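# Examining the three-dimensional arrangement
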Amino acid sequence: MHSSNPPLALLADPQCTTDRVAKLAASLGISLISEPHGQVLLLRLTPEHLELCKLGDPELPGALWVDFERPSARRRHCHPGQELLVKAAKVRHTTGPLVIDATAGLGRDGFLLAAAGCRVWMFEHNPIVAALLHDGLERAARSPHTAAITNRIHLVVGNALRHLPELDEQPDVIYLDPMFPERSKSAKVKQDLQLLQLLDDNNDAPEQLLLAALAVRPKKVVVKRPLKGPLLLGRPPAYMLKGKAVRFDVYVGTPKEISIK
Ligand SMILES: C[S@@+](CC[C@H](N)C(=O)[O-])C[C@H]1O[C@@H](n2cnc3c(N)ncnc32)[C@H](O)[C@@H]1O
């Protein structure tokens, strides 16, 4: 983790088994504390879920955890075809396309694509974010509403730049939603994203991700951008789908002139 990030510690509710708690702290390489301290960024294990919280900061949400069963999420998952992302990632005449979500984050977009019938491999390089996502996916796998969707998802904890060149299967689509610096300065940044940004200010350049994705030669590379954000690499996509705050740039086919050197 980057040195400018606030220190992170794990706090577990007494009902959680000590074995599980110790394993989690060791796997994430963070210390286990028994009492919260003022401004410390906390990962908190409760009997229900794993959550990230920053205490004493009214600007940020109390706690953040992954919940694919929230009413708003369930509504999206019931009608995924209406979502712009699903339209952007659609591949004609392909059943169960393989989508690589190379910047999985809290998995909302990847889960939506899986709800639309895609097989989704999620890559997330930040171990804390990946732990939150893994926890959410585990709970979703136990729910009758979301189990079938979860079956189509595979989470890989690691850097997409390393994994993309050595995929076992040729993906149909690679999806990128990189963290953009301009997001952090925007007043409209969603609060949970602000919390995530506290964890990771050490992201690879989005341009690097686009080059790596294009080099895999999927049928499509879909990039989520701020509505008015500049084109990555200054390169116009085949087409764009625009929403109110974001747009999806869709690169189709393999641009021969792109070099990844
Ligand atoms: C804006 S968030 C993605 C949000 C996600 N689309 C969602 O629906 O929750 C970007 C995420 O990409 C991750 N990330 C950035 N670069 C990465 C890389 N090279 N490999 C894997 N994950 C990466 C960051 O850690 C962060 O969690």
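To keep things clear, this report deals only with the structure shown in the data block. (Residues numbered from 1 in each chain as written. Predicted model: local features only at pLDDT ≥ 70, side-chain atom pairs only at ≥ 80, totals over all residues. Heavy atoms only, no water.)

## Thoughts on the packing of aromatic side chains
- Counting across every chain of the model gives two aromatic pairs.
- Here Phe68 and Phe111 contribute two aromatic rings whose centre-to-centre distance is 3.9 Å and whose plane-to-plane angle is 10°, an arrangement assigned as stacked. Taken as a pair, Phe68 in the loop between strand S4 (50–54) and helix H2 (71–78) and Phe111 in helix H4 (residues 108–115) lie far apart in primary sequence, 43 residues in all. Assigned by exposure class, Phe68 and Phe111 land together as buried.
- The interplanar angle of 45° and the centroid separation of 6.5 Å between the aromatic rings of Tyr175 and Phe248 together place this pair among those described as tilted. With Tyr175 in strand S8 (residues 173–176) and Phe248 in strand S11 (residues 246–252), this pair connects stretches of sequence that are 73 residues apart. Assigned by exposure class, Tyr175 and Phe248 land together as buried.
- Seen from the ring of Trp65, Arg70 lies directly overhead, with NZ or CZ sitting 5.3 Å from the centre. (Phe/Tyr/Trp six-rings, centres within 6.5 Å; stacked < 30°, edge-to-face > 60°. Helix = DSSP H or I, 4+ residues; strand = E, 2+ residues; numbered from the N terminus. Buried < 20%, exposed > 50% of the residue type's maximum accessible area, 1.4 Å probe, protein only. Lys NZ or Arg CZ within 6 Å of the ring centre and 35° of its normal.)

## Digging into the site of the ligand
- Near the ligand you find 23 residues, and of these Asp109, Glu124, Asn159, Ala160 and Asp177 are the closest.
- Residue Gly107 places a main-chain N or O atom 3.2 Å away from an oxygen atom belonging to the ligand.
- With respect to the ligand, the side chain of Glu124 contributes an N or O atom lying 2.7 Å from an oxygen atom.
- Contact with the protein chains covers 98% of the free accessible surface of the ligand, which is 610 Å².
- Of all the secondary structure elements, the ones that give two or more residues to the shell around the ligand are H4 and strand S6 (119–124).
- Across the shell around the ligand, the residue classes tally to eight nonpolar, eight polar and seven charged. (Near = heavy atom within 4 Å. Polar contact = N/O pair within 3.5 Å; in protein donor to acceptor, adjacent residues only side chain to side chain. Areas by Shrake-Rupley, 256 points an atom, 1.4 Å probe, with all protein chains shown as cover. Nonpolar A, V, L, I, M, F, W, Y, C, P; charged D, E, K, R; others polar.)

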